[in-house]
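Chains, contacts and geometry: an overview
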Amino acid sequence: MQTIGFIGLGVMGKSMARNLLRAGYPLVVYTRTKEKAEDILAEGAIWKETVKDVAEAADVVMTMVGEPQDVEHVYFGDDGILKHAKRGAYVIDFTTSKPSLAVRIYEAAKEKGIFALDAPVSGGDIGARDGTLSIMVGGDKEAFSACMALFSHIGKNIVWQGKAGAGQHTKMCNQIAIATNMIGVCEALVYAEKAGLDPERVLQSISQGAASSWSLSHLAPRMLAGDFAPGFYVKHFIKDMGIALAEAETLGLSLPGLKLAKQLYESLAERGEEQSGTQALYKWYKEW
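Per-chain numbering applies: the sequence of each chain, read as written, is numbered from 1 onward. The predicted origin of the model limits local features to residues at a pLDDT of at least 70 and limits the giving and counting of side-chain atom pairs to 80 or more, whereas totals for whole chains, interfaces and linings rest on all residues. Side-chain metrics in this entry use all non-hydrogen atoms of the structure; hydrogen atoms and water are not considered.

Helix and strand counts for the chain stand at 15 helices and nine strands. Radius of gyration here is computed from C-alpha atoms only, and the compact-globule reference equals 2.2 Å multiplied by the residue count raised to the power 0.38. A compact globule built from 288 residues would reach a C-alpha radius of gyration of about 19 Å, and the chain, at 19 Å, matches this within 12%. Referenced to the eigenvectors of the C-alpha coordinate spread, the extents of the chain come out at roughly 65 × 45 × 35 Å. Relative accessibility decides the category of a residue: with a 1.4 Å probe and only protein chains considered, values under 20% of the type maximum give buried, values over 50% give exposed, and everything between is partly exposed. Burial statistics for the chain: of 288 residues in total, 53% are counted as buried. Should any heavy atoms of two residues lie within 4.5 Å, those residues are considered in contact. Within the chain, contacts between residues separated by at least 24 positions form 65% of all contacts whose residues are at least 6 apart in sequence. Note on areas: Shrake-Rupley with a 1.4 Å probe; residue coverage comes only from the protein chains shown. In the structure as shown, the chain presents an accessible area of about 13000 Å², 50% of it carried by carbon and sulfur atoms. Between the averaged position of the 30 positive side-chain charges in the chain and that of its 34 negative side-chain charges there is a distance of 2 Å. Under the scheme used here, helices are H or I runs from DSSP no shorter than 4 residues and strands are E runs no shorter than 2 residues, and both carry numbers assigned from the N terminus. When charges are counted, Lys and Arg contribute as positive and Asp and Glu as negative, whereas His and the chain ends are disregarded. Lysine's charge is taken at NZ, arginine's at CZ, aspartate's at CG and glutamate's at CD.

Set out below in structure tokens:
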């Protein structure tokens, strides 16, 4: 079987890597803090000291890092993936990043005989754990088809969106839809409480009707339980909204709902919640 290299073992990356390991693929890993890898190493993954070492050892290199600058570093640095991956290797970036950066990676990879896909995901920590993520993929369709078996261990809703960068553009659509939906979820809950209703009983009704959404079904119960642990960090959501707004400006679009959501989340981060999950927006309404 192909040896998989996985770089970035955060909240979602580790679960994604673990699902590949449990599917039987040889797995080599690297993350900036080795302690974060100890449990997956105990399960059989092999530690590599650098990004270069992963790239040289793997047939498929996957990345799930934090920021676009992190993506740029692991792909284009002197010890980066594109300088050291094998000819004929596949490189798949699951990070939510800039569409233009995905195109740069694709073009640089193609020059070296490497197949590159941008494949951002949605579904949070639960989807990563359960292998049910939505995966939106940009790049050559032949490369997408060749990697479908790998994707099937990570996600359930796996769609090729088009040429390089299309996966990232699709993820921007995803984040735009979530951003204002999160405002609606929080406002619905605080309205229910002010009206003297039982919010959990309200959720039983509205989460199955026309208002239904992933955030309403999965994150609203966490809000009511006071569980603000990150399935997806506030700081990363702010980053994604910033990318989406910049792309929208390039396209000549005005997105006032997205701007409002970003302002609310930035206010939340300023109050010390940037490491919390996105459901912490509920605290903005409840505490401030």
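The salt bridge definition used is simple: a Lys or Arg side-chain nitrogen within 4 Å of an Asp or Glu carboxyl oxygen. On inspection of all chains with the given rule, the structure shows 15 salt bridges. Between Asp125 and Arg222 there is a salt bridge, with its nearest N and O atoms 3.2 Å apart. Linking Asp125 in helix α7 (residues 124–130) with Arg222 in helix α12 (residues 214–225), this pair joins segments that are 97 residues apart in sequence. Residue classification places Asp125 among the partly exposed residues on the basis of a relative accessible area of 21%. Judged by its relative accessible area of 13%, Arg222 falls in the buried class.

Working rule for helices: expected span equals 1.5 Å times residues minus one. The terminal C-alpha atoms of α12 lie 17 Å apart, and with twelve residues this matches the ideal 16 Å at 1.5 Å per residue to within 8%. Along α12, the residues classified as buried are Ser215, Leu216, Leu219, Ala220, Arg222 and Met223. Here the buried residues of α12 occupy an arc of 160° about the axis, which is enough to place them on one side. In this structure, the buried side of α12 is in contact with α7, α10 (166–194), α11 (199–206) and α15 (281–287). A positive backbone phi angle near 70° is found at Gly226, which sits one or two residues after α12. Taking the helix axis as origin, the arc is that swept by the directions to the C-beta atoms.

Bringing the environment of Gly231 into the picture now. If you trace the backbone, Gly231 turns up in the loop between α12 and α13 (234–250). Classification of Gly231 by relative accessible area gives buried; the value is 7%. Separated by 46 residues in the primary sequence, Gly231 and Gly277 have C-alpha atoms spaced 5.6 Å apart. Setting aside residues no more than four positions away along its own chain, Gly231 makes contact with Val11, Met12, Gly124, Asp125, Arg222 and Gly277.

Attention now goes to the packing of α10 against α12. Orientation is described by lines fitted to C-alpha atoms, with helices fitted over the stretch in contact, and by angles between N-to-C directions that extend from 0 to 180 degrees. Two numbers describe how α10 lies on α12: the axes approach to 10 Å, and their chain directions differ by 50°. It follows that α10 is oblique to α12 by the angle criterion. In the packing of α10 onto α12, the handedness of the crossing is right-handed. Only Ser215, Leu216, Leu219, Ala220, Met223 and Leu224 of α12 make contact with α10, whose side of the interface consists of Ile178, Asn181, Met182, Val185, Cys186, Leu189 and Glu193. Roughly parallel covers angles under 35 degrees, roughly antiparallel covers those over 145, roughly perpendicular covers 65 to 115, and oblique covers all other angles. Less than a right angle of anticlockwise turn of the near helix away from the far helix marks a crossing as left-handed, whereas a clockwise turn marks it as right-handed.

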